[in-house]
Protein chains: 2
Amino acid sequence: MDDQQITIARIYLVGSSGRLSMDNMPYRGAVQIQSVTEEDPSIPLYVSDSANTATSMATGGITSPTRISTTAGTDQTLVTIMEMARGSGMQTGIVTTASLTDATPASFGAHINQRTCQGPENMVGLQRLGGREVMTDCSHYLKRNGGPGSISEQLAASSIDILLGGGSEFFDQASEQEPSMTVSDAARLNGYQIVRSTTELLELDADSKILGLFAPSTLPVRLQGEGNAVAVKIERVSGEVVLPEPFSCAPNPAFDGTPDLGTMTEIALERFDRSKSFVLMIESASIDKQSHARRPCGSIGEVEQLNEALDIAIQYAQVNPETLVLVTADHSHAAQLSSPDGGLLSQNFASPGHFARIRTPEGGLMGVNYATNDSPLAEYHTGSQIPIYGFGEEVDMLPSFLLQKEIFSIMVEKLGLVE
Amino acid sequence: MDDQQITIARIYLVGSSGRLSMDNMPYRGAVQIQSVTEEDPSIPLYVSDSANTATSMATGGITSPTRISTTAGTDQTLVTIMEMARGSGMQTGIVTTASLTDATPASFGAHINQRTCQGPENMVGLQRLGGREVMTDCSHYLKRNGGPGSISEQLAASSIDILLGGGSEFFDQASEQEPSMTVSDAARLNGYQIVRSTTELLELDADSKILGLFAPSTLPVRLQGEGNAVAVKIERVSGEVVLPEPFSCAPNPAFDGTPDLGTMTEIALERFDRSKSFVLMIESASIDKQSHARRPCGSIGEVEQLNEALDIAIQYAQVNPETLVLVTADHSHAAQLSSPDGGLLSQNFASPGHFARIRTPEGGLMGVNYATNDSPLAEYHTGSQIPIYGFGEEVDMLPSFLLQKEIFSIMVEKLGLVE
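Note that the structure is predicted; figures quoted are calculated from it, not measured. (Residues numbered from 1 in each chain as written. Chains lettered and ligands numbered in written order. Predicted model: local features only at pLDDT ≥ 70, side-chain atom pairs only at ≥ 80, totals over all residues. Heavy atoms only, no water.)

## Regarding the pattern of salt bridges
How we decide: Salt bridge, as used here, is a side-chain nitrogen of Lys or Arg placed within 4 Å of a carboxyl oxygen of Asp or Glu. In this description a helix means any DSSP run of H or I spanning at least four residues, a strand means any run of E spanning at least two, and both kinds are numbered starting from the N terminus. In this scheme, a residue with accessible area under 20% of its type's maximum is buried, one over 50% is exposed, and one in between is partly exposed, where area comes from a 1.4 Å probe on protein chains only.
Per the counting criterion, the structure on display carries 40 salt bridges over all chains. We note a salt bridge from Asp374(A) to Arg236(B), for which the minimum N-O separation is 3.0 Å. Taken together, the residues Asp374(A) in the loop between β19 (365-370) and β20 (386-391) and Arg236(B) in strand β12 (residues 235-237) connect one chain to another. Asp374(A) gets classed as partly exposed once you look at its relative accessible area, which sits at 28%. Between Arg115(B) and Asp102(B) there is a salt bridge; the shortest N-O distance is 3.4 Å. Of this pair, Arg115(B) sits in the loop between α4 (103-109) and β5 (124-129) while Asp102(B) sits in the loop between β4 (91-99) and α4, and the two are 13 residues apart along the sequence. Assessed through its relative accessible area of 11%, Arg115(B) is described here as buried. The class for Asp102(B) is buried, based on a relative accessible area of 12%. One network of salt bridges, in which partners are shared, links Asp3(A), Arg28(A), Asp3(B) and Arg28(B).

So this is what it looks like as C-alpha cells:
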C-alpha cells in the first residue's frame, strides 16, 4: 500500500475531497524499506517482498527477499516482537485476510528460510507463489532434520493467542512426523480452538487460544470490477488507440460469508484481557495481491476493509488511551492513478501496460495503470518509501521519516521491552 | 515530486539508510490534489498539470488543467497569495529552475486562460508544450483587446520583488503594443534590474526589483546519465529479455555557469528586508521535466538542488524563527523505483515501458521504470497524493492530510492576511 493506492481508494470510496479513516490519524510519516541480497548481504536491494519487509517490522532486522524472520546468507533466527512480548507475559495476535502462512503473518509468527514453505508438503521442490512456481528448499527446517517444521506447523506449535485468517489448505496437511494427524489437529492439541466460519467465530468460547481458518488460502476480497472487469492491454484498431470501457466496482459474490477484517479485529480486541499488554498485527493483505493481479476494484475494497478495521482499533484506543495504533505497509506497488485518456499528452498514445478506467461515484473517470511488467501473470512491487500513520499518546514523538526496522523499535519501546 | 522520486533520489544521493534534508523536517503530511474539467467544472479530474495544481496552492481555488490562476469555464481571475501579500505591504519573490513563464511560477505571478501563452508571440495558434504543440487561444488577454498581455508581460508589469529563473526567449520578444521595445525593456521601465548570468547575479545593486533570466527557457539540469544515458525500451533478442546496461549519474556539462537553486535562494533571502514579512516560492522544476523525458539522473540532480535550497531556507528559519518553510509538489509523476531484474517475478518478463538501471554509489542496482505512456516523446503525470513537509513554529498544528488548496490557507493564516 502506497500513496497511489491510497488515493485511488480515497477517490472511489469517499471522493476526491473526502477523507479515509487513515487520513484522520494525527501522525503521518514516511518509511524507507531496506533489503539485501542473499548471496552477499552487504549488497543493498531496493525492491523487496513482503517476507523481508515484514521481517524488518517484526524483528528490526534487514534480510533478503522471501526470508521469514531469518538472516540473509547465515540463516540465523531473528527474534520477533511477538516472541519478546510473549516472553514478558503479554498477549499476542495475528489477524489477516491472507493465509496465516503467507509472508507478512508468517514473519510475525515463524522463522524459515523461504516463504513458500507454508505446510509440511511444501518444504522442497517447486512451490506456488503468486501464480508461479518457485524452487524451494527448506529441508533443514524439516522436523525429521531437527527443525521446527513448516510455517503452519510453527504457528500450530506457537503460543500466539489469536490467529485469524485463511490458509486451511496448509493446516489440513498431514503432520510431517505423525501422518495420522493434521497440522490443525496438532494445533488443537496445543490448546487452539479452531473455527472455520463466521458463525463459529461469533460463537467462540471465551478462554482458549483461537485459530480461525476461513478459506483454503487468501480470503475472498470484497469488491471486484463490474462483470469481473480488470485492467487490460490497450488495443489499437487501424492504428488508433481504443481505450477500455469504463467500469464501476461491484460486490464480489465469493466474499459472502467471509468474516470481514473489521469483525476479526473486533473479536481479537474483545478477547484480550485489558489488564495486560498486547501486540496485535492486522493485515489487509489483498491490497497487494489484487494489485499483482491488476484488479483495481479488488484493491479498493481491501483498503475499505483496512479502514473499517482501523475505525475499530481507534475506537478501542479512545477508550483505552494507553493503546498505540500504527498503520503502515510492507512495500509500495505497481498501480498508478493515471489520466483516463492520456491527459495533456494524449495524441493517440496510451499505457504500454495493463490499464483500467473506473467510473467513480462522484461522477469522474479514473485511470489505473499497471506497467511494471509485461508478464501475463502478475505485476511486481515497487521500491518507494511507504506511509506510516499513528494514533496514540506517543505519536507527537514519532519522526516524520524512519527506516522500516525502526517500526520494531517503536513497538519495543511502547511495550517496555528490551531489544 | 512524489514518494517514488524522493526514494530514487535518496538512494542515489545518500544511500538507502541515509537521509535527505527533507527527511529531517519535523512535519510530514499528504496532499490530495483537485482539478475539474473546463467544459463542466462540476466534474472532477484526478490527474492534473502544474498549472491547475500550482493555482490551487497560489490562490486556494480549484481549476482545470493548463489554467493559470483563473477559474475553469468562467475565466475569472483568482487572487494569488503574492497579490494579497503585496497588498499588505509584504515582500514577494519567485525562484525557479524553469522559465519564469512556466506553469508553476506563472500561477503565482500571472492570470491567463492557458499556460502556453508565455510571451506576446505565443498568444494564439499552435504553441510548444513539453515537446508537443498545443492549440492556444489567449486572444482576450491580448493588450489590444484590453487584457493584461502574456505571462512574460504580466510578470514584467508586476510588483514582485524578485524573479529568478529561465525564460529569456519570452522576455526578449517585442512588446505587443510597442514593437520597438522588448518585454524585458518594459520590465526595466517598471523598475526591474535585469541579470543574465551568475556573475551579474552576484554583483547586483542592493535596492531594486530584480529579474534574472539565466536561460532561454528551462535552466540546464545538474546531472545526466553517464554518456547521456536515459531510460529505453527493453529489447528482446531471440525472445530473451535484454536488460539495458546499468549506468551512473554524471555532471551535465551544459549546467556549467548556471546559477544553482541554492545560490538563487540565498540571494533572494538576502535581499529581503528582515523587518518585513515575505512570501518566496522556490521551485526545482526539472524533477518533473526530466521525468517526462525519462531521464532519471536529471530528476535525481534536481532533487539534490531542492535539498540544497532547503538547507539554506532552514538555516534562514533557524536564525529567523518566525519563518515557516513548506516543501511540497504540484503533482505526482511517472517514475517508479523498480527491481533492476524484474524481482521475484523475473521469468523473462520486463517493463513494457522505458526502463533504466542505475548503479548506486553504495554498490546496488536500481531500476527506474517509466510506463504511463507509449509516446516516444514524454511520460505523463500521475494522480497520487503528494508529500508536504514543514519546518517552523506552526508545524505542530498542521494536519497529517490536507487538500492542496489548504496550503494557500496555511500561508494566508501564517501571514495574517484575510482570505
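Anyway, onward from the coordinates.
## Observations regarding the relation of the copies chain B and chain A
The following threshold applies: The atoms used to superpose the copies are C-alpha atoms, taken from residues with pLDDT of at least 70 in both, and the fit is least squares. Any two residues having at least one pair of non-hydrogen atoms within 4.5 Å are treated as being in contact.
The transformation that overlays chain B on chain A combines an axial shift of 0.0 Å with a rotation of 180°, and the residual RMSD is 0.0 Å. Put plainly, the chains are arranged around a two-fold axis. By residue overlap, the copies meet face to face through one surface: 100% of the interface positions of chain B are interface positions in chain A.

## Considerations on the sheet that holds strand β17 (residues 336-338) of chain A
Residues and elements named next belong to chain A. Put simply, the rule reads: Only strands joined by at least two bridges in the DSSP assignment are considered to pair. Here, axes are lines fitted to C-alpha atoms. For helices the fit covers the stretch in contact, and angles between N-to-C directions go from 0 to 180 degrees.
Overall, antiparallel pairing links the 4 strands, which are arranged β11-β18-β19-β17 in an open sheet. The open sheet has two edge strands, β11 (232-233) and β17, and neither has a second partner. Bridging between strand β18 (residues 354-359) and β19 involves 6 bridges; their strand directions are antiparallel. In the sheet register, Ile-358 faces β19, and the bridge partner there is Met-366. The strands that helix α1 (residues 3-14) touches are β17, β18 and β19; relative to β17, the one it contacts most, it runs at about 55°. Helix α11 (residues 296-319) contacts β18 and β19 of the sheet and is inclined by roughly 60° relative to β18.

## Examining the interface of chain B and chain A
By a widely used convention, the size of an interface equals the accessible area lost when the partners come together. Basically, it comes down to this: Under the scheme applied, nonpolar residues are Ala, Val, Leu, Ile, Met, Phe, Trp, Tyr, Cys and Pro; charged residues are Asp, Glu, Lys and Arg; polar residues are all the others, including Gly.
Each partner contributes residues to the interface: chain B has 72 residues there, and chain A has 72 residues. In this assembly, chain B and chain A are joined by 4 salt bridges. Among the elements of the structure, α1 (3-14), β1 (27-32), β6 (132-137), β17 (336-338), β19 (365-370) and β21 (401-403) of chain B are those that each provide at least two residues to the side of chain B that touches chain A. It is α1(B) that provides the largest number of residues to the side of chain B that touches chain A, a total of 6 residues. When grouped by side-chain class, the residues that make up the side of chain B that touches chain A number 28 nonpolar, 32 polar and 12 charged.

## Things to note about the side chain of Gln154(A)
Residue and element names in this part refer to chain A. Threshold: What qualifies as a polar contact is a pair of N or O atoms within 3.5 Å, subject to a donor-acceptor requirement within protein and to the restriction that residues adjacent in sequence count only when both atoms come from side chains.
Mapped onto the elements of the fold, Gln-154 is located in helix α5 (residues 151-156). Assessed through its relative accessible area of 10%, Gln-154 is described here as buried. There is a polar contact of 3.0 Å between the side chain of Gln-154 and the backbone oxygen of Gly-149.

## Observations regarding the sheet that holds β4(B)
Residue and element names in this part refer to chain B. Read across the open sheet, the 5 strands follow the order β8-β9-β7-β4-β15; overall the sheet is parallel. Of all the strands in the sheet, the pair left with one neighbour each is β8 (192-195) and β15 (278-283). Recorded for the sheet is a direction-independent mean angle of 10° between the axes of neighbouring strands. Here β4 runs beside strand β7 (residues 162-166); their pairing, made up of 4 bridges, is parallel. Its bridge partner being in β7, Ile-94 is matched across the sheet by Leu-163.

## Digging into the packing of aromatic side chains
All names here are of chain A. Keep this limit in mind: Between the rings of Phe, Tyr and Trp (Trp by its six-membered ring), a pair exists once the centres lie within 6.5 Å; its type follows the angle of the planes, with under 30 degrees stacked, over 60 edge-to-face, and the other angles tilted. Placement of a charge over a ring requires the Lys NZ or Arg CZ to be within 6 Å of the ring centre, with the centre-to-atom vector within 35 degrees of the ring normal.
As enumerated under the stated definition, the model contains 4 aromatic pairs over all chains in all. Centre to centre, the rings of Phe-272 and Phe-278 are 4.5 Å apart; their planes meet at 15°, and the pair counts as stacked. Its relative accessible area of 4% is what places Phe-272 among the buried residues. Lying across the ring of Tyr-192, Lys-209 places its NZ or CZ 4.4 Å from the centre.

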